[in-house]
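A look at the structure
Take a look at the letters that make up each chain.
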Amino acid sequence: MDNFEHTSVLLDETISLLNPVSGGVYCDATLGGGGHAEKILEMSNPDGRLIGIDRDLEAVEAATKRLAKFGDRVSIFHGRFSQLEEILEKAGVKELNGLLVDLGVSSHQLDIASRGFSFMNAGPLDMRMDTSAGETAREMLAGMSEDELADIIYRYGEERMSRRIARSIKKMEFDGSLNTTLDLAVAVRRVIGHKKPGKSDPATKTFQAIRIAVNKEMEELETLLDLLPVPLAIGGNVVVITFHSLEDRLVKQKFEKLVKPCTCPQGMPVCNCPEPVAAYNSRRSVRVSSAEKLLNRRSRSSRVRAIRRVL
Ligand SMILES: C[S@@+](CC[C@H](N)C(=O)[O-])C[C@H]1O[C@@H](n2cnc3c(N)ncnc32)[C@H](O)[C@@H]1O
């Protein structure tokens with residue numbers, strides 16, 4: 001895969017939170033083009049190890065090529081990060097010194113029309129990150145009622161016009177005119193109108209919602225976060241980059257639980273609650289800088305949160 005385009009977001013901020021060092025074992029659970037992974041390997045020179053995971057075969061291929069220069073310090077797996085435990089077992093790794101998760105889709109997935117994520121170019125209604133498994137967007141839409149679709153658009157797209165958009169999509173599906181990603185964008189524009197200068201495309205939220213549902217993105221994230229603090233070693237960092245408020249809220253809530261598990265009412269004579277197992281290594285989320293936003297528009301909504309295992 002020679003034409004894999006993706007600019008890593010929040011690169012310096014992420015690496016400083018992850019703090020890779022020689023001898024450490026790190027997992028990049030969302031390899032993409034391998035940009036963050038390459039930096040982790042450089043920083044953990046000469047003998048840090050990296051386990052890379054991606055559910056997209058094109059990303060696996062591109063990252064394998066880019067990281068080949070690091071030889072046997074790298075092990076790459078095609079799979080979902082919800083399968084982390086089993087992937088680490090295959091790699092013979094018991095504990096990690098750092099785990100990185102850079103959520104969402106790569107620019108490659110968005111830009112290649114045939115992947116079916118783009119509302120700018122006509123492509124099949126696919127939207128699967130892993131084209132070897134699961135239902136395509138078209139199959140998912142066909143199996144859903146109008147109400148179920150409206151709920152998905154509302155929940156995952158935070159789109160106020162979800163009911164009317166779902167009706168418009170179902171109408172086009174019924175009359176046989178919903179065949180490509182551009183048709184899906186037309187169904188949304190019929191309700192919201194056309195893009196206004198300086199604003200996001202009106203189809204953005206609906207495409208995001210359908211993509212999240214097709215790839216079961218929130219379930220994937222929840223399963224991964226539920227594993228924590230295992231498989232981190234004491235002192236190990238988890239760093240998560242999010243792109244929308246739904247993901248960020250979930251990460252924030254799960255981190256809060258690890259940082260403050262004790263809920264005893266004050267004045268209890270003996271507290272048997274467990275100690276916090278994690279501490280923040282950045283108290284607040286770190287947002288993308290204005291300079292990075294200017295250079296890479298797709299980074300504009302990104303932010304990174306991190307915690308460190310202390311017990
Ligand atoms: C934003 S890109 C990562 C870019 C990467 N950090 C870089 O610097 O090139 C997100 C990647 O995560 C992958 N991905 C998303 N959800 C996943 C999951 N549940 N399991 C494994 N990979 C996933 C996508 O296929 C995509 O390649």
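Here the structure is a predicted model, which is why all the values come from computation and not from measurement. Along every chain, residues carry numbers that run from 1 in the direction the sequence is written. Totals for whole chains, interfaces and linings use every residue, but because this is a predicted model, local features are given only for residues with pLDDT of at least 70 and side-chain atom pairs only at 80 or more, for both listing and counting. Water and hydrogen atoms play no part in the side-chain values, which are based on all heavy atoms of the structure.

This next bit is on the overall build of the protein. The helix and strand inventory of the protein stands at 13 helices and eight strands. For the C-alpha atoms alone, the extent of the protein along its principal axes is close to 60 × 55 × 40 Å. Categorising residues by exposure relies on relative accessible area from a 1.4 Å probe, with only protein chains included: less than 20% of the type maximum marks a residue as buried, more than 50% marks it as exposed, and the intermediate range marks it as partly exposed. Taking all 311 residues of the protein together, the buried fraction comes to 53%. Note on definitions: a residue-residue contact is assigned when non-hydrogen atoms from the two residues lie within 4.5 Å. Pairs at least 24 residues apart make up 70% of the contacts formed inside the protein by residues separated by at least 6 positions. Of the roughly 15,300 Å² that the protein leaves accessible, carbon and sulfur atoms contribute 51%. Charged residues are defined narrowly, with Lys and Arg counted positive, Asp and Glu counted negative, and His plus the chain ends left uncounted. We put the charge of a Lys on NZ, of an Arg on CZ, of an Asp on CG and of a Glu on CD. Considering the protein, the positive charge centre built from 44 side chains and the negative charge centre built from 43 side chains are found 7 Å apart. Counting from the N terminus, the helices are DSSP H or I runs at least four residues long and the strands are E runs at least two residues long. Surface accessibility in these figures is a Shrake-Rupley result with a 1.4 Å probe; residues are shielded only by whichever protein chains are displayed.

Right, let's get into helix α4 (residues 84–91). Three- or four-residue spacings in an α-helix give side chains the same orientation, since the helix completes a turn every 3.6 residues. Restricting attention to buried positions, one finds in α4 the residues L84, I87, L88 and A91. Down the axis of α4, the smallest arc covering the buried residues is 100°, so these residues share one side. Of the exposed residues in α4, the ones pointing more than 90 degrees away from its buried face are E85, E89 and K90. Turning to α4, the residues buried within the fold contact β1 (25–28), β2 (49–54), β3 (74–78), β4 (96–102) and α11 (217–227). Residue G92 follows α4 closely and has a positive phi angle near 75°. It is the directions from the helix axis to the C-beta atoms whose arc is reported.

Here the focus is the pattern of salt bridges. Salt-bridge detection follows one rule: a side-chain nitrogen of Lys or Arg within 4 Å of a carboxyl oxygen of Asp or Glu. Scanning the entire structure with this criterion turns up 19 salt bridges. For E158, the salt bridge goes to R249, with nearest N and O atoms at 3.4 Å. Note that E158 is positioned in the loop between α7 (146–157) and α8 (162–174) and R249 in helix α12 (residues 245–259), a separation of 91 residues in sequence. For E158, a relative accessible area of 38% puts it in the partly exposed group. Where K170 meets E173, a salt bridge forms, and the shortest distance between an N and an O atom there is 2.8 Å. With K170 and E173 both in helix α8 and three residues apart, the pair spans about one turn of that helix. One salt-bridge network, held together by shared partners, links E38, R66 and K69.

This part covers unusual backbone geometry. Omega for the bond connecting N45 with P46 falls within 30 degrees of zero, at 5°, which places this linkage in the cis form. Mapped onto the fold, P46 is located in the loop between α2 (35–43) and β2. Residues L228 and P229 are joined by a peptide bond in cis, for which omega reads 10°. For P229, the position within the fold is in the loop between α11 and β5 (232–242). One non-glycine residue, N19, lies in the positive phi region at around 55°. Tracing the chain through its elements places N19 in the loop between α1 (11–18) and β1. Take N19: its relative accessible area is 46%, and that puts it in the partly exposed class.

Okay, the domain arrangement of the protein next. When the parts of a complex come together, some accessible area is lost, and that lost area is often used as the size of the interface. By the assigned domains, the protein splits into domain 1 (11–107 + 218–309) and domain 2 (131–214). An automatic or database domain assignment supplies the start and end points of every domain. Measuring from the centre of the C-alpha atoms in domain 1 to the corresponding centre in domain 2 gives 30 Å. Across the boundary between the two partners, domain 1 contributes 11 residues, which contact eight residues of domain 2. The largest contributions to the domain 1 side of the interface with domain 2 come from M218, H244 and L246, which together make up 46% of the buried area. Each polar contact in these results corresponds to two N or O atoms within 3.5 Å; when the atoms are within protein, one needs to be able to donate a hydrogen and the other to accept it, and residues that are neighboring in sequence are counted only if both atoms are side-chain atoms. Where domain 1 meets domain 2, there are two residue pairs in polar contact (both at pLDDT 80 or more). Those elements giving two or more residues to the side of domain 1 that touches domain 2 turn out to be α11 and α12. With three residues, α12 is the single largest residue contributor to the side of domain 1 that touches domain 2. In this count, Pro and Cys sit with the nonpolar residues alongside Ala, Val, Leu, Ile, Met, Phe, Trp and Tyr, while Asp, Glu, Lys and Arg are called charged and the others, Gly among them, polar. Looking at the side of domain 1 that touches domain 2, its residues break down into three nonpolar, four polar and four charged. Defined here as a combined quantity, buried area equals the accessible surface (1.4 Å probe) lost by two parts on assembly, summed across both.

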